[in-house]
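Here are the chains, one letter per residue:
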Amino acid sequence: MKDYIKTVAMITILFVIGVVILIFITKDTGAGSEKKSREQTVLLNKIARTAEENVDNLERLDEEEYDCDYVIIDSTNNLLFSRAGNDTDIIDISVEKAIQNRYPYMFLTNGDRVWGTVIMLDDGMQDFRIFRNRFIIGAIICCLLILIASTLYGIYVNRSIIVPFKNMQSFAGKVAQGKLDEPLIMDKGNMFGAFSESFDIMREELASSKQRELELQKKEKELVASLSHDLKTPVTGIKVTSEFLEMRLNDKLDSDEKAKDITFAREELTDMLEDTSGIRQKIEQIDTLVSDLFTSTLEDLGEFKVNISDEDSEVLGDIVRSFDNRGYTVMEDIPAVVISIDKKRMAQVIGNVISNSYKYADTKIDIGYKLIDRVLEMHIRDHGPGVPGGELDLIMNKFYRGKEWENTDIDGNGLGLYIAKSLMKKMNGDLIAESDGDGLFIKLIIQLS
């Protein structure tokens, strides 16, 4: 904007200079015309008087220095005397032509007889001719100044408007082609500097968005690979356990081939019960992995449904007990209130939190409750290594696992807390994670009915 103001100011100055020059050149060109006319009349009278006094010797006029061109003719238009240089127009001079050309003239007399006419060869247009010449010169100068001003303005428009727009056009083409690494070159001096900066900010946002998309695609591929590995492990275990159980049963059948009834010793039944328990645990592990993946997919598709209803707060204790198969939880009394939840989804939330504590802490789990205004806070704390402060906001991001656990043998896909927080949000609550050096503290905000 400053350059624009400077350019307009410069053009204005050039126009003012042109007008001043024109006024200066043409000043006084029309002034004093009446005075000059009187001077011509006086001079014409002087010439006439001198000619009348020297009618027989007109050459006497050469001795007088009259500052004008004039001629003297007789009554028949014959030239008697001339002070007009080599001007050929005086050859056919006459009173009629003097009248036509607006030349001042005066009749010469001798007594009562008119013997000739003195004609001053000045039509009074000399001032106009001077004015016209000066005006033409002034107009040419003004045109040159206008041309210079127009050229300067054109240069300014090209540099400040056309070139930036062409740069933005080229930039838009590169963005359309996906070339987001080349910044838009900006000149803070032109009037579209802020506009150009906005375009470059858009490019940076698009580049960041594209980078996030690539990272998400990478994480999704890593998730597929991780889930494939995580699923393969329990499936292999189930397969081995099933083959081993089948082999033992076949051996029993072969050894008691002739017996009508086949009996098992307590030790054998205990071993087979452990095998089937192992199978069940691995199936539950597979079910959890598939459930998390399915829930995450539904969330991405926007088809994740939550059906909220009024439930007695005691249902929270039932959910905890159903997931605490290791008996690690120590639970306080639950305030007797009616809460607004989806029982099935709340079970997923609490199950994921307890499962994480089993996996990463393997300590006792303290569970407490607090009524605040219109919400019930459920506090779940383990006593493991906790989470570094810089990662607390990240552990609830999709596919994120703590840096400390990425290269360990502990199974995980980074979906548990992400799903838990999403579910709490959909139930009009929230999930907040804190870590003060004594394990991980999870706070569930549950709406009252």
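Located above this text is the structure these notes cover.
Residues numbered from 1 in each chain as written. Predicted model: local features only at pLDDT ≥ 70, side-chain atom pairs only at ≥ 80, totals over all residues. Heavy atoms only, no water.

Trainee: Where do I start with the nonpolar core in this structure?
Mentor: One broad rule of soluble globular proteins: the nonpolar side chains tend to lie buried together. Ranked by internal contacts, the top residues of the largest apolar core, which has 40 residues, are L316, M346, M378, L444 and I446. Going through the elements one at a time, helix 7 (314-323), strand 7 (338-341), helix 8 (343-360), strand 8 (365-372), strand 9 (375-381), helix 9 (416-426), strand 10 (430-434) and strand 11 (441-447) are the ones with two or more residues in this core. Considering every element that reaches this core, the biggest residue donor is helix 8, with seven residues. Beyond its immediate stretch of four places on either side in the chain, L316 contacts I334, I339, M346, I350, Y369, L376, M378 and I446. In terms of nonpolar packing, the next biggest core, distinct from the first, is built from 16 residues, Y66, Y70, I72 and L108 among them. (Core = buried A, V, L, I, M, F, W, Y, C linked by side-chain atoms within 4.5 Å. Buried < 20%, exposed > 50% of the residue type's maximum accessible area, 1.4 Å probe, protein only. Helix = DSSP H or I, 4+ residues; strand = E, 2+ residues; numbered from the N terminus. Contact = heavy atoms within 4.5 Å.)

Trainee: Even after reading the chapter, I still don't get the pattern of salt bridges, so can you show me in this structure?
Mentor: Pairing is possible between side chains that carry opposite charge, provided their charged atoms lie close to one another. Applying the stated criterion to the full structure yields nine salt bridges. A salt bridge links E63 to R60, with the nearest nitrogen and oxygen atoms 2.7 Å apart. With relative accessibility at 57%, the residue E63 sits in the exposed group. Classification of R60 by relative accessible area gives partly exposed; the value is 30%. K421 is paired through a salt bridge with D430; the nearest N and O atoms lie 2.8 Å apart. Residue classification places K421 among the partly exposed residues on the basis of a relative accessible area of 21%. The exposure class assigned to D430 is buried, which follows from its relative accessible area of 18%. Members of the salt-bridge network, linked through shared partners, are R60, E63 and E64. (Salt bridge = Lys/Arg side-chain N within 4 Å of Asp/Glu carboxyl O.)

Trainee: I keep staring at the sheet that holds strand 9 and nothing clicks. Help me out?
Mentor: Sheets are built from strands that pair by backbone hydrogen bonding, the pairs being arranged parallel or antiparallel. Taken together, five strands build an open sheet; the order of strands is 6-8-9-11-10 and the sheet is mixed. The open sheet is flanked by strand 6 (329-331) and strand 10, the only strands paired with a single partner. Taking each pair of neighbouring strands and ignoring which way they run, the sheet shows an average axis angle of 20 degrees. Where strand 6 and strand 8 come together, three bridges link them in parallel fashion. Residue pairing for strand 8: V330 is matched across the bridge by D366. (Pairing = 2+ DSSP bridges. Axes fitted to C-alpha atoms, helices over the stretch in contact; angles between N-to-C directions.)

Trainee: Looking at this structure, I do not really get helix 8. What am I missing?
Mentor: Think of an α-helix as turning once every 3.6 residues; residues three or four places apart then point the same way. Here helix 8 is 18 residues long and its end C-alpha atoms lie 26 Å apart, about the 26 Å a rise of 1.5 Å per residue gives. The buried fraction of helix 8 is high, at 13 of 18 residues. Of the residues flanking the start of helix 8, the one acting as N-cap is D342, its side-chain oxygen 3.1 Å from the backbone nitrogen of K344. Note on helix 8: the residue one or two positions beyond its end, D362, has a positive phi of about 55 degrees. (Expected span 1.5 Å × (residues − 1). Polar contact = N/O pair within 3.5 Å; in protein donor to acceptor, adjacent residues only side chain to side chain.)

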